[in-house]
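# Structural features, examined
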Amino acid sequence: MKAITVEPKKIGTAQLMDIPEPGMNEGSVLVQAVAVGVCGTDVEIAEGKYGWAPPGHARLVLGHESLGRVVDPGPSSGLRKGDLVVGIVRRPCSGPCPNCAVGEWDMCRTGLYTERGIKEIHGFMSEYWRIEPEYAIKVDPSLGILGVLLEPSSVVAKALEQVGLIGRRSFWEPKTALITGAGPVGLLAALFAKLYGLEVHVLDRMEAGPKVDLVRELGATYHSGSVKDLDFEPDTIIECTGVGQVIAESIQKIGANGIVCLAGIGHGGAIASSKIADVAASAVLRNNVIVGSVNANKRHWYRASQYLAKADRKWLAKLITRVEKPENFMHALKRTPDDINVVIQFSEI
Ligand SMILES: [Zn+2]
Ligand SMILES: [Zn+2]
């Protein structure tokens, strides 16, 4: 079967090639790939900056944002032939650490977890893949190809859950949410915050274009300036840019008792103009919490599938800005400023 594979940490090794069909050791459920989303992590792996092949293998099958159709449900999976499913990405560490032991692999303490398409387990960019039944999430059939948005949605569902859990340390009646960054995660965060009933604001750099339109169509407010110039103090900020200046300003802009959830990953950046102790003093005096959030466990995948099923299909469809064939995977890995989610389609839905 055809698969998109890469030799991790080696630039220019990504290629569409023939590999053997997956063996039963990869899971009792056999799935035909429908589509796989491409994100910044895939680009980094293809550029040789990240990623680990399975032990004993030189190459890794790429792809962690999956959607497929069950071909053979195997014994006792509760799935049926034809069901649309998405595969959970992370697997617990082998200790396991206490968090992995209770199914919270997103909170793994050792960092020795594995991840499909990223770290030591083959991903989903192959015509067929197998999965263990407990890691297959059934998708509402009416979502069709939009089910490929479930992986980034699970990351958002976890971030919002964290904010909700932290908020309940005191009386918590949030009204406003600011999302910084209008990429796939930011836009899904805006959607879910809106479904939750919050007044939603989204901030990014561009002044016009499809991302700005999507924010407005959601009934949210779009801002193109800087966080420090906003004329309100959000109850929660979901930070999706990973940009130093945006992070520093978010921590200073958050309202009393407010929570800043850091969900973006950046590198370097200018040293923040604010002094650390001044930032800390403001957090102390206003009971602020700054929390990092990554990945998702089964509870978040389940919650994300519920959110997606409730969302407006026409709006969701506009998040997928490009669909490429597997042989054009190199185009899929090159993103333009107006791209939101780029998807590689392996078979008809
Ligand atoms: Zn991703
Ligand atoms: Zn662990």
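First, a word on scope: everything that follows refers to the structure included in this document. (Residues numbered from 1 in each chain as written. Chains lettered and ligands numbered in written order. Predicted model: local features only at pLDDT ≥ 70, side-chain atom pairs only at ≥ 80, totals over all residues. Heavy atoms only, no water.)

### Concerning the coordination of the zinc ion (ligand 1)
Within the protein, the atoms that donate to the zinc ion (ligand 1) are Cys39 (SG), His64 (NE2) and Glu65 (OE), at distances of 2.1 to 2.4 Å. Of note, the zinc ion (ligand 1) draws all its donor residues from one chain, in the sequence arrangement C-x24-H-E. The same class applies to His64 and to Glu65, which are both buried. (Donors = N, O, S within 2.8 Å, 3.2 Å for Na, K, Ca; no water. Buried < 20%, exposed > 50% of the residue type's maximum accessible area, 1.4 Å probe, protein only.)

### Considerations on the coordination of the zinc ion (ligand 2)
When a metal holds four donors in a tetrahedron, each ideal angle between them is 109.5 degrees; when it holds six in an octahedron, the ideal angles are 90 or 180 degrees. At this site the zinc ion (ligand 2) is bound by Cys93 (SG), Cys97 (SG), Cys100 (SG) and Cys108 (SG), with donor distances of 2.3 to 2.4 Å. The coordination sphere of the zinc ion (ligand 2) comprises four donor atoms, whose angles at the metal cover 104 to 118°; the geometry is tetrahedral. In primary-sequence terms, the residues that donate to the zinc ion (ligand 2) follow C-x3-C-x2-C-x7-C. For the residue pair Cys93 and Cys97, the accessibility class agrees, reading buried in each case. (Tetrahedral: all angles 85-135°; square planar, octahedral: opposite > 155°, others 65-115°.)

### Describing the environment of Gly123
Along the chain, the position of Gly123 falls in the loop between strand 9 (120–121) and strand 10 (128–131). Separated by 34 residues in the primary sequence, Gly123 and Val89 have C-alpha atoms spaced 8.3 Å apart. (Helix = DSSP H or I, 4+ residues; strand = E, 2+ residues; numbered from the N terminus.)

### Some details on unusual backbone geometry
Of note, the bond from Gly95 into Pro96 is cis; its omega dihedral lies within 30 degrees of zero at -15°. Residue placement: Pro96 occurs in the loop between strand 7 (90–91) and helix 2 (98–101). Positive phi is not limited to glycine here, since Ser76 has a value of about 50°. The topology assignment puts Ser76 in the loop between strand 5 (65–72) and strand 6 (84–87). Of note, Glu120 is a non-glycine position whose phi angle comes to about 70°, a positive value. Relative to the helices and strands, Glu120 is located in strand 9.

### Notes on the pattern of salt bridges
It is possible for side chains bearing opposite charge to pair when their charged atoms get close. Here the structure, examined in full by the defined rule, presents 14 salt bridges. Across the pair Lys138 and Asp83 runs a salt bridge whose closest N-O atoms are separated by 3.8 Å. A residue pair is termed long-range when its members are at least 10 positions apart, and Lys138 in strand 11 (residues 136–138) and Asp83 in the loop between strand 5 and strand 6 qualify at 55 residues. What emerges from the salt-bridge pattern is a single network uniting Glu7, Lys10 and Arg59. (Salt bridge = Lys/Arg side-chain N within 4 Å of Asp/Glu carboxyl O.)

### So, the side chain of Thr5
Within the secondary structure, Thr5 sits in strand 1 (residues 2–6). Owing to a relative accessible area of 2%, Thr5 belongs among the buried residues under this scheme. A distance of 2.7 Å separates a polar atom in the side chain of Thr5 from a polar atom in the side chain of Arg59. (Polar contact = N/O pair within 3.5 Å; in protein donor to acceptor, adjacent residues only side chain to side chain.)

### So, the packing of helix 4 (residues 184–195) against helix 8 (residues 298–310)
The packing of two helices is summarised by the inter-axis angle and the distance between the axes. At a closest axis distance of 11 Å, the pairing of helix 4 and helix 8 adopts a crossing angle of 80°. Accordingly, the angle class assigned to the pair helix 4 and helix 8 is roughly perpendicular. On helix 8, the residues touching Leu188, Phe192 and Leu195 of helix 4 are Ala304, Tyr307, Leu308 and Lys310. A per-class count over the contact of helix 4 with helix 8 returns six nonpolar, no polar and one charged. (Axes fitted to C-alpha atoms, helices over the stretch in contact; angles between N-to-C directions. Parallel < 35°, antiparallel > 145°, perpendicular 65-115°, else oblique. Contact = heavy atoms within 4.5 Å. Nonpolar A, V, L, I, M, F, W, Y, C, P; charged D, E, K, R; others polar.)

### Side note on the sheet that holds strand 4 (residues 60–61)
Taken in spatial order, the three strands of this open sheet run 2-1-4, and their pairing is antiparallel. One side of each edge strand has no neighbouring strand; the edge strands of this open sheet are strand 2 (15–18) and strand 4. Here strand 1 runs beside strand 4; their pairing, made up of two bridges, is antiparallel. Residue Thr5 lies in a different strand from strand 4, and its bridge partner there is Val61. (Pairing = 2+ DSSP bridges.)

### A few points about the packing of helix 3 (residues 150–167) against helix 4
For the pair helix 3 and helix 4, the least separation of the axes is 9 Å and the interaxial angle reads 55°. By the angle between their axes, helix 3 is oblique relative to helix 4. Of the two possible hands of crossing, helix 3 and helix 4 adopt the one that is right-handed. Contacts from Pro152, Ser153, Val156, Ala157 and Leu160 of helix 3 reach helix 4 at Val185, Leu188, Ala189, Phe192 and Ala193. By residue class, the composition of the contact of helix 3 with helix 4 is nine nonpolar, one polar and no charged. (Left-handed = near helix turned anticlockwise from the far one by under 90°.)

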